[in-house]
Amino acid sequence: MKVWNSTLGSSFILVGILNDSRFPELLCATMTVLYTLSLTSNGLLLLLITMDVKLHVPMYLLLRQLSLIDLLLTSVIAPKAITDFLRGDNTISFGGCALQMLLELMLGAAEDLLLPFMAYDRYVAICHPLNYTTFMSPKVLLFMVMTTWIVASLSAIVYTSYTMHYPFCKSRLVKHLFCEIPPLLKLACAETSRFELMFFVMGVMFLIPPLATVLVSYTLILFTVFRMPSNEGRKKALLTCSSHLAVVGMYFGPGTFVYALPISFHNPKQDNILSFFYTIVTPALNPLIYSLRNKEVMGALRRVLGRYILPSHSST
């Protein structure tokens, strides 16, 4: 089989969900709206948590990391997909493909690791409130954040480097919304079974233990919540936990099918839809789920508006 020159000077052609859709213009418009929503909502949440001192507690500082991850993740995928569709040119350079894969893997793994830390934070706050400042001290919080980014970055570097070292076949068509390992391995002109096993193991390690941690944490939380004497406290705890579980379900659900299944089980159309969901839809909805019914976030919004926006209007 003829091998094309897969070097920094070569390129791939992304044939993603916008190309396979029966209504590509409508889908592109939907993607644009979702990306704009993700930018504004995650950006606003980042701004509020940074500017309002009352939100400088572990729960919201971890939420700030989640908003940063979501903002970056969707920005790695959506702008290129939208501009490529509008220009009618879906090519991506070899180096650009490697960079996109590296960033997507890093941010995806970071979210996998961050969500169980957030679940642990809620577990300590509800089940061990008297020890909360000890179990969630600034040092523990720093450890969580550093572990999330360092482990995710190292994993992404290793798997991106290994994927891109393969020689690729003459076909440059990547049947995916963006550069990802499963569709690229299908173009490789070398034996990839060992690496496919490594990729499967990575997917299982980054998805199953974190998901199990989240489920165990919230099971213990529910047992504690139902024993609470105060209806108000029970309602607040259930509201917080339900929003966290909704985010977990939206991310781990599609992610499990994409990363925790052997590559031989992958279907390009299914992978495109699932990838669209967890890289475009979920980052747009996460901040809305966390903030719309959250009194602390809405209170912070009113305080920031009153401090920086309203005084300027009243003085004019």
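What you are looking at is a predicted structure, and each value in this text was computed from that prediction instead of being measured. (Residues numbered from 1 in each chain as written. Predicted model: local features only at pLDDT ≥ 70, side-chain atom pairs only at ≥ 80, totals over all residues. Heavy atoms only, no water.)

A short note on the environment of Asn19
In this fold, Asn19 is placed in helix H1 (residues 17-20). Counting along the chain gives 157 residues from Asn19 to His176, while the straight-line C-alpha distance between them is 9.5 Å. Filtering out sequence-adjacent residues up to four positions away, Asn19 remains in contact with Leu14 and Asn90. (Helix = DSSP H or I, 4+ residues; strand = E, 2+ residues; numbered from the N terminus. Contact = heavy atoms within 4.5 Å.)

Focus: the layout of surface pockets
Taking a probe equal in size to a water molecule and rolling it over the atoms shows the remaining empty space. Here the second largest pocket is characterised by a volume of approximately 160 Å³. In terms of lining residues, the second largest pocket is bounded by eleven residues, among which Ser41, Leu44, Pro287, Leu288 and Ser291 are the most central. Elements represented by at least two residues in the lining of the second largest pocket include exactly helix H2 (24-51), helix H10 (268-291) and helix H11 (295-315). In terms of residues, the lining of the second largest pocket owes the most to one element, H2, which gives four residues. (1 Å grid on protein atoms, 1.4 Å probe; cavity = no way out; pocket = protein on both sides within 12 Å on 5 of 7 lines; lining within 4 Å. Points joined across faces, edges and corners; volume = space filled by probe spheres on them.)

Thoughts on the state of the cysteines
Under the counting rule described, the total for this entry stands at one disulfide. In this structure Cys28 is not part of a disulfide, and its nearest cysteine sulfur, from Cys179, lies 18 Å away. Among the residues examined, Cys28 registers a relative accessible area of 5% and is labelled buried. (Disulfide = S-S within 2.5 Å. Buried < 20%, exposed > 50% of the residue type's maximum accessible area, 1.4 Å probe, protein only.)

A look at the confidence of the model for the protein chain
Overall, the predicted model of the protein chain reaches an average pLDDT of 85, with 91% of residues at or above 70. Element-level pLDDT for the protein chain is lowest in H11, with a mean of 68, against a maximum mean of 95 in helix H6 (residues 138-164). (pLDDT = per-residue confidence, 0-100.)

Focus: the nonpolar core
Counting 95 residues, the largest nonpolar core has Phe12, Met31, Leu184 and Phe276 as the members making the most contacts within it. The residues contacting Leu184, other than those within four sequence positions of it, are Phe12, Cys97, Met101, Thr163, Met164, Phe168, Val174 and Cys179. (Core = buried A, V, L, I, M, F, W, Y, C linked by side-chain atoms within 4.5 Å.)

Some points on the environment of Leu105
Within the element layout of this structure, Leu105 appears in helix H4 (residues 94-127). Along the sequence, Leu105 and Thr160 sit 55 residues apart, while their C-alpha atoms lie 8.1 Å from each other. Not counting chain neighbours up to four residues away, the residues in contact with Leu105 comprise Ala156, Tyr159, Thr160, Ile181 and Tyr259.

Focus: the pattern of salt bridges
The final tally for this structure, using the stated rule, is five salt bridges. Residue Arg303 is joined to Asp52 by a salt bridge in which the shortest nitrogen-to-oxygen separation is 2.8 Å. Pair noted here: Arg303 is in helix H11 and Asp52 is in the loop between H2 and helix H3 (58-87), with a separation of 251 residues, a long-range link. A residue is classified by how much of its surface remains accessible, and Arg303, at 29% relative accessible area, is partly exposed. Taking relative accessible area as the criterion, Asp52 reaches 1% and is therefore assigned buried. Notably, a salt bridge pairs Arg87 with Asp84, separated by 3.0 Å at the nearest N-O pair. Residue Arg87 and its partner Asp84 are located together in helix H3, separated by three residues, close to a single helical turn. Take Arg87: its relative accessible area is 53%, and that puts it in the exposed class. Connected through shared salt-bridge partners, Lys80, Asp84, Arg87 and Asp89 make up one network. (Salt bridge = Lys/Arg side-chain N within 4 Å of Asp/Glu carboxyl O.)

Digging into the packing of aromatic side chains
By the definition in use, this model includes nine aromatic pairs. When the centroid spacing of 6.1 Å and the interplanar angle of 25° are considered together, the rings of Phe12 and Phe94 count as stacked. Residue Phe12 is found in strand E1 (residues 11-14), and its partner Phe94 is found in helix H4; the two are separated by 82 residues along the sequence. Accessibility classification places Phe12 together with Phe94 in one group, the buried group. Taking the centre distance of 6.4 Å and the plane angle of 40° together, the rings of Tyr120 and Tyr123 count as tilted. Of this pair, Tyr120 and Tyr123 both sit in helix H4, three residues apart, which is roughly one turn of that helix. (Phe/Tyr/Trp six-rings, centres within 6.5 Å; stacked < 30°, edge-to-face > 60°.)

Quick notes on the UniProt feature "transmembrane region" (unreviewed entry) in the protein chain
UniProt feature "transmembrane region" (unreviewed entry): in the numbering of this structure it lies at residues 29-49, 140-162, 197-225, 237-261 and 273-292. Between the C-alpha atoms that bound residues 29-49 the distance is 30 Å, and the span itself is 100% helix and 0% strand. For residues 197-225, helix accounts for 100% and strand for 0%, while the C-alpha atoms at its two ends are 41 Å apart. (UniProt positions renumbered as here; feature names shortened; annotations may be inferred.)

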